[in-house]
Amino acid sequence: MGAVTAIEGLPLLEHAPLAAYVFRRVEADYVLEFVNARARQDHPTITNVIGKPMLVLYQDQPEVVEAAERCLRDRSPVTIEVPVRRYDRVEATMLLRLHFVAVGDAHLVIYVQDV
């Protein structure tokens, strides 16, 4: 039995207890390809940003893009904590822990956890 590809593995993430976001490496950026049920439950409009590049989604948080680069380059999990601002607030009101996991040569999963 061969290795499971990133796309074949998406059903495994669908009902994970943490929000999971799958990005695919495209040239010098990453494009959001998939969000699981938990992410859709927490943020019902999240599907509107599928297909958007990470550099746009995290334009004010370069540490997220840097962590993605490090994860895929080193093929090693990376965890960071980032302050986030809810869409209806002026300042950061929450802290999230992001776990980056490389899947193959071009995909990574970001699991999100409230701190």
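Residues numbered from 1 in each chain as written. Predicted model: local features only at pLDDT ≥ 70, side-chain atom pairs only at ≥ 80, totals over all residues. Heavy atoms only, no water.

1. A short note on the sheet that holds strand E4 (residues 94-103)
With respect to topology, five strands assemble into an open sheet ordered E2-E1-E5-E4-E3, the strand pairing being antiparallel. Each edge of the open sheet carries a strand with a single partner, namely strand E2 (29-35) and strand E3 (78-84). Sheet twist, expressed as the average angle between the axes of neighbouring strands with direction ignored, equals 30 degrees. Contacts between helix H4 (residues 62-74) and the sheet are confined to strand E1 (19-26), E2, E3, E4 and strand E5 (107-114), with E3 contributing the most and set at about 170 degrees to the helix. (Pairing = 2+ DSSP bridges. Helix = DSSP H or I, 4+ residues; strand = E, 2+ residues; numbered from the N terminus. Axes fitted to C-alpha atoms, helices over the stretch in contact; angles between N-to-C directions. Contact = heavy atoms within 4.5 Å.)

2. As for the pairing of E4
Bridge count between E3 and E4: seven bridges; the pairing is antiparallel. By the bridge assignment, Ile 80 is partnered in E4 with Leu 98. Here eight bridges tie E4 to E5, and the two strands are oriented antiparallel to one another. Bridge assignment links Arg 97 to a residue of E5, and that residue is Gln 113. Between E4 and E5, which pair antiparallel in sequence order, lie three residues; one of them, Gly 104, sits at a positive phi of approximately 75 degrees.

3. As for the nonpolar core
Tyr 21, Phe 23, Met 54, Ile 80, Leu 98, Phe 100 and Ile 110 are the most contacted members of the largest nonpolar core, which totals 26 residues. Those elements giving two or more residues to this core turn out to be E1, E2, H4, E3, E4 and E5. Residue contributions to this core peak at six residues, all from H4. If we skip the residues at most four places from it in the chain, Phe 23 touches Tyr 30, Val 31, Leu 32, Glu 33, Met 54, Leu 57, Tyr 58, Ala 106, His 107, Leu 108 and Ile 110. (Core = buried A, V, L, I, M, F, W, Y, C linked by side-chain atoms within 4.5 Å. Buried < 20%, exposed > 50% of the residue type's maximum accessible area, 1.4 Å probe, protein only.)

4. A short note on unusual backbone geometry
Non-glycine residue Glu 27 carries a positive phi angle of around 55 degrees. Tracing the backbone through its elements, the reader meets Glu 27 in the loop between E1 and E2.

5. What to know about the environment of Glu 81
As for its position among the elements, Glu 81 is in strand E3. Residue classification places Glu 81 among the partly exposed residues on the basis of a relative accessible area of 41%. In contact with Glu 81, not counting residues within four places along its chain, are Leu 95, Leu 96, Arg 97 and Val 115. Looking at Glu 81, its side chain comes within polar contact range of the side chain of Arg 97, at 2.6 Å. (Polar contact = N/O pair within 3.5 Å; in protein donor to acceptor, adjacent residues only side chain to side chain.)

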